[in-house]
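As a plain string of letters, each chain reads:
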Amino acid sequence: HLLFRALLHVLASQADLRTAVVRLIFSPDRPIRARDAHWLVDQMPRSTVEERRVITEILDLLPIDADLLDAIRRGVDEGLIPLQLRNRLVIDLDSDIARNLREHYENEQGYSKPPELLTPSPVERIAMLLDQIEVGNLDAWSSLTRTLTLQPTSQYYENEGSDLRKLPGWIDSDVAMRARIIGAGKAFLSSFEPDPAEYTKQTFDHWIIAAYLAFVLLYEEDAAYLFSQPPAFWHRWAGLLLSYKFDYQTSTAGTLLAHIAEHHPSALVQAVHETLPSDTGDCHQISALRNRLTPEIESILINKLRTPDRGLSCFTSILEVLLQSGSEAGETVAREYVEHRSNFERSVSSAILLIRYATERSWKPVWRVIQVDNAFGRRVAEGLTNFASSTSFATELSDDALGDLFIWLAEQYPYSEDREPGGGAFAMGSEEMARDLRNALLNALKGRGTKQALEKLGLAKQKLDLDWLRWVVVDARQVHLRNIWDPIEPNALTGLLPTPNDLRLTAKWQEYV
């Protein structure tokens, strides 16, 4: 399934997605089949917007069979996939599809013969591949990692995951066989010559996955061996570790990159150059540099930001790493793009990132441009909503800045034009998401409970002429009162009670009344 994720990534970049998916599904090799539908549905919550669009297209085009229908039904019931895919569940009872499904059901209910044992067995296959590696055939390591997924009755290779030790071949091996597998991993990493041109492409050969699995295995079983390797070893492999995108279960790459940054910094510099050639369209992998920026690497990234022919996605990834790392030079470049707007798309991306990692210094130039260019501002607002934490930046803005932004959003996306609730499900576009951002900022302003926030809400009520905002002001005032309330300390409260002498004097006085 690591290869499947790589396919999703590639398909997301295709201009004609539907044609690309059709070619993939109906190609002779058929790398994606209906049996993969459940896995595709499970990937929806953890995928990007572009990848979810690809998965939806695949589920809409896969030939119908029982696995696909069951996956779509579950995905719709659990809210994982778009509701429009329910249409695939409607089948004419007299159609060929219905007849095929009935035959499938009848076969499932009937007798199924016992699975046949593999010949040679997985243990024998593993031993033969280890023999090849031990006499110098390093290419056999890639076959070995796949063979470790086999069970005695397997019909095809399974997903290797991120840890070879969890695979049947490793689990069923004795201590001696496991030692040979570890030795094979060492032999592969010590002698194999990786080609940077392959692991920096959008698609890549299986040896790259196998190489990364070797690193994970050795890190878990013999970390001392890895950390004792000379600089030449890390110069060969740092680029692959930096560019590898499909380890969702371990932190091995990050740990090894930290070791490289500390002990072999020149290898990390070389890796950055390798993984960011001028024609690279996807640079998401460099997020691993976030906590490992040296002055030299920062300088390299700044120069790559200024490359005019670099794609927008890669530009955004590089700039985000710089801003996340607190790079003043990166912030300067972003402000220049925003202020000059010589490249509109880069300017929008720069503004979005400056807001996401907002400081008072980074916010001001963005706000100046938004005030004089509504079209630019709308693109920025709608782009902000593509991130799950799209309102987290609000905590870094002052009350005045937050109030000004809310008023601007309410003017650009008037409440009077909001879609009425009801009428069934509908897909939320960027404009609807911007309206949600507007509402979230209003709640954030109300929750501040400061005098300045109250004043901004009062100004918003006047400028926007929205009568219902008075109730928001009332709620904000209550928050303000709770914030400024200074409760009486218990000691001060008990001091208000009468003393015994006070009680005696009162009783004496009552005798004369």
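Residues numbered from 1 in each chain as written. Predicted model: local features only at pLDDT ≥ 70, side-chain atom pairs only at ≥ 80, totals over all residues. Heavy atoms only, no water.

### Concerning the overall build of the protein chain
Alright, step 1. For the protein chain, the helix and strand inventory stands at 28 helices and zero strands.
Alright, step 2. Burial analysis of the protein chain (513 residues in total) assigns 44% to the buried set.
Alright, step 3. Taking contacts inside the protein chain between residues at least 6 apart in sequence as the whole, the part at least 24 apart equals 69%.
Alright, step 4. Carbon and sulfur atoms make up 52% of the accessible area of the protein chain, which amounts to about 27,200 Å² in all. (Helix = DSSP H or I, 4+ residues; strand = E, 2+ residues; numbered from the N terminus. Buried < 20%, exposed > 50% of the residue type's maximum accessible area, 1.4 Å probe, protein only. Contact = heavy atoms within 4.5 Å. Areas by Shrake-Rupley, 256 points an atom, 1.4 Å probe, with all protein chains shown as cover.)

### Some thoughts on unusual backbone geometry
Alright, step 1. Residue Pro120 is bonded to the preceding Thr119 through a cis peptide linkage, with omega at -5°.
Alright, step 2. Relative to the elements of secondary structure, Pro120 occurs in the loop between α6 (96-109) and α7 (122-134).
Alright, step 3. Positive phi outside glycine occurs at Arg341, with the angle close to 50°.
Alright, step 4. Mapped onto the fold, Arg341 is located in the loop between α19 (328-340) and α20 (344-356).
Alright, step 5. A residue is classified by how much of its surface remains accessible, and Arg341, at 29% relative accessible area, is partly exposed.
Alright, step 6. Even without being a glycine, Asp465 presents a positive backbone phi close to 55°.
Alright, step 7. Mapped onto the secondary structure, Asp465 falls in the loop between α25 (451-464) and α26 (469-484).

### Topic: the confidence of the model for the protein chain
Alright, step 1. For the protein chain, per-residue confidence averages 84 on the pLDDT scale, and residues scoring 70 or more make up 88% of the total.
Alright, step 2. Considering each helix and strand of the protein chain separately, the mean pLDDT is smallest for helix α28 (residues 500-511), with a value of 54, and largest for helix α10 (residues 175-191), with 97. (pLDDT = per-residue confidence, 0-100.)

### Points about the packing of aromatic side chains
Alright, step 1. For the structure shown, the criterion picks out 15 aromatic pairs.
Alright, step 2. Measuring from centroid to centroid gives 6.2 Å for Trp141 and Phe188, while their planes differ by 25°, and the two rings are stacked. In this pair, Trp141 is assigned in helix α8 (residues 140-147) and Phe188 in helix α10, connecting sequence segments 47 residues apart.
Alright, step 3. The exposure class assigned to Phe188 is buried, which follows from its relative accessible area of 2%.
Alright, step 4. Each member of the aromatic cluster is reached from another via a ring pair, and the members are Trp141, Phe188, Phe192, Trp207, Phe215, Phe233, Trp234 and Trp237.
Alright, step 5. The ring of Tyr225 is capped by Lys186, whose NZ or CZ atom sits 4.8 Å from the centre of that ring.
Alright, step 6. The ring centre of Tyr415 lies 3.6 Å from the NZ or CZ of Arg438, which sits over that ring. (Phe/Tyr/Trp six-rings, centres within 6.5 Å; stacked < 30°, edge-to-face > 60°. Lys NZ or Arg CZ within 6 Å of the ring centre and 35° of its normal.)

### Focus: the nonpolar core
Alright, step 1. If you look at the biggest cluster of nonpolar residues, it comprises 116 residues, and the most contacted ones within it are Trp141, Leu144, Leu189, Phe215, Trp237, Leu289 and Leu301.
Alright, step 2. Counting residues in hydrophobic clusters, the runner-up holds 27 residues, among them Ala37, Leu40, Met44 and Leu62. (Core = buried A, V, L, I, M, F, W, Y, C linked by side-chain atoms within 4.5 Å.)

### A closer look at the side chain of Thr145
Alright, step 1. Considering the arrangement of structural elements, one finds Thr145 in helix α8.
Alright, step 2. Within the local environment of Thr145, its side chain forms a polar contact with the side chain of Glu160, the two groups lying 2.7 Å apart. (Polar contact = N/O pair within 3.5 Å; in protein donor to acceptor, adjacent residues only side chain to side chain.)

### Remarks on the side chain of Glu320
Alright, step 1. Along the chain, the position of Glu320 falls in helix α18 (residues 312-324).
Alright, step 2. Since its relative accessible area comes to 19%, Glu320 is described here as buried.
Alright, step 3. One polar contact links Glu320 to Arg356, side chain to side chain, over a distance of 2.9 Å.
Alright, step 4. In this structure, Glu320 is in contact with Leu353, Arg356 and Tyr357, ignoring residues within four places of it in sequence.

### Some remarks on α8
Alright, step 1. Of all eight residues that make up α8, six are buried, and the element is covered over most of its length.
Alright, step 2. Those residues of α8 lying buried are Ala140, Trp141, Ser142, Leu144, Thr145 and Thr147.
Alright, step 3. Residues of α8 that are buried sit in contact with α7, α10 and α12 (206-221).

### Focus: the pattern of salt bridges
Oppositely charged side chains can form a pair if their charged atoms are brought close together.
Alright, step 1. Overall, the coordinates contain 27 salt bridges when judged by the stated rule.
Alright, step 2. Asp404 is paired through a salt bridge with Lys456; the nearest N and O atoms lie 2.6 Å apart. Taken together, the residues Asp404 in helix α23 (residues 399-412) and Lys456 in helix α25 connect sequence positions 52 residues apart.
Alright, step 3. With relative accessibility at 25%, the residue Asp404 sits in the partly exposed group.
Alright, step 4. We note a salt bridge from Asp418 to Arg438, for which the minimum N-O separation is 2.6 Å. Residue Asp418 is located in the loop between α23 and α24 (430-448), and its partner Arg438 is located in helix α24; the two are separated by 20 residues in the primary sequence.
Alright, step 5. On the basis of relative accessible area, Arg438 is assigned to the buried category, the value being 0%.
Alright, step 6. Where salt bridges share partners, they join Arg378, Glu417, Asp418, Glu431, Arg435 and Arg438 into one cluster. (Salt bridge = Lys/Arg side-chain N within 4 Å of Asp/Glu carboxyl O.)

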